[in-house]
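Spelled out, the chains give:
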Amino acid sequence: EPEVTQTPSHQVTQMGQEVILRCVPISNHLYFYWYRQILGQKVEFLVSFYNNEISEKSEIFDDQFSVERPDGSNFTLKIRSTKLEDSAMYFCASTTSGGAFGITDTQYFGPGTRLTVL
Amino acid sequence: QKEVEQNSGPLSVPEGAIASLNCTYSDRGSQSFFWYRQYSGKSPELIMFIYSNGDKEDGRFTAQLNKASQYVSLLIRDSQPSDSATYLCAVNQAGTALIFGKGTTLSVSS
């Protein structure tokens, strides 16, 4: 069964360093998402991406964050200068239709990257 | 501010019992409603979705939706110890971000 994959599974970095989290969405999916979950808290939306551009972003997704689809398979989240409060699980998700044509847009989640900022 | 509220629990049920998990949401424009299961340290795993008022059954799971009351529930019949996890309710409008509740922790004792 196709699944979303993410690398690395765990990333440790020093405050102020740049990190890139990588995701490979399910191959026929067109809409991609990043969410994060701080330990003990709820899953929070960061950004959605369709047709090579951001379609929606939350107030968490400030200028320190960027997303890119550098090739036909990868989807990346870059944090330019990490802060202690960026420590969280980061989940990538993808879906086929994004809700177009009235089709429920079930989002499938990858296993996550645990980011630890020291 | 769009909110999804869930009782954090823990909800404790004996093996074989019915577990009932509830969720309310604030945005009347919400169109799709999802239940995810999350084991500690793992990612959310889809259990089922519902978008029409009423009940939807899938195996031991039944989702119930009442849009007038802005209420979604999940019933788990014949609960098993392996069902012990945190259950996340999530809602969205078509094509938009999922808004998650904090989740309800379910503990099934054998």
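Relevant structure appears above.
Residues numbered from 1 in each chain as written. Chains lettered and ligands numbered in written order. Predicted model: local features only at pLDDT ≥ 70, side-chain atom pairs only at ≥ 80, totals over all residues. Heavy atoms only, no water.

### Re the sheet that holds strand β7 (residues 65–68) of chain A
All names here are of chain A. Pairing is antiparallel in the open sheet, where 4 strands are placed in the order β1-β3-β8-β7. Pairing within the sheet leaves two strands with one partner each, and these edge strands are β1 (5–7) and β7. Taken pair by pair, the neighbouring strands of this sheet meet at an average axis angle of 20°, ignoring direction. Summarising the sheet, β1 and strand β3 (residues 19–24) pair through 3 bridges and their orientation is antiparallel. Bridge assignment links T7 to a residue of β3, and that residue is R22. (Pairing = 2+ DSSP bridges. Helix = DSSP H or I, 4+ residues; strand = E, 2+ residues; numbered from the N terminus. Axes fitted to C-alpha atoms, helices over the stretch in contact; angles between N-to-C directions.)

### Re the nonpolar core
Across soluble globular proteins, nonpolar side chains show a tendency to be buried alongside one another. Ranked by size, the top nonpolar core spans 23 residues in total, and within it B:W35, B:V72, B:L74, B:I76 and B:Y87 carry the most contacts. Not counting the four nearest positions on each side in its chain, B:V72 is found in contact with B:L21, B:N22, B:C23, B:Y25, B:F33, B:W35, B:I50, B:Q64 and B:L65. The next biggest cluster of nonpolar side chains, apart from the first, holds 21 residues, and it includes A:C23, A:V47, A:A88 and A:C92. (Core = buried A, V, L, I, M, F, W, Y, C linked by side-chain atoms within 4.5 Å. Buried < 20%, exposed > 50% of the residue type's maximum accessible area, 1.4 Å probe, protein only. Contact = heavy atoms within 4.5 Å.)

### Topic: the pairing of strand β7 (residues 61–66) of chain B
Residue and element names in this part refer to chain B. Where strand β6 (residues 54–58) and β7 come together, 5 bridges link them in antiparallel fashion. Across the sheet, G54 pairs through a bridge with L65, a residue of β7. Following β6, the chain reverses through 2 residues before pairing antiparallel with β7; G59 in that reversal takes a positive phi of roughly 65°. Pairing analysis gives 6 bridges linking β7 to strand β8 (residues 71–76), with the strands arranged antiparallel. Across the sheet, the residue bridging to Q64 is S73, located in β8. Two successive antiparallel strands, β7 and β8, enclose a turn made up of 4 residues, where Q70 displays a positive phi of approximately 55°.

### Focus: the state of the cysteines
Residues and elements named next belong to chain A. Under the criterion given, the structure shown has 2 disulfides over all chains. For C23, the disulfide goes to C92, at an S-S distance of 2.0 Å. One quick way to see it: the torsion about the S-S bond of C23 and C92 is about -60°, and its sign makes the bridge left-handed. Here the residue C23 occupies a position in strand β3, and C92 occupies one in strand β9 (residues 88–95), the gap between them amounting to 69 residues. Neither residue differs from the other here; C23 and C92 are each classed as buried. (Disulfide = S-S within 2.5 Å.)

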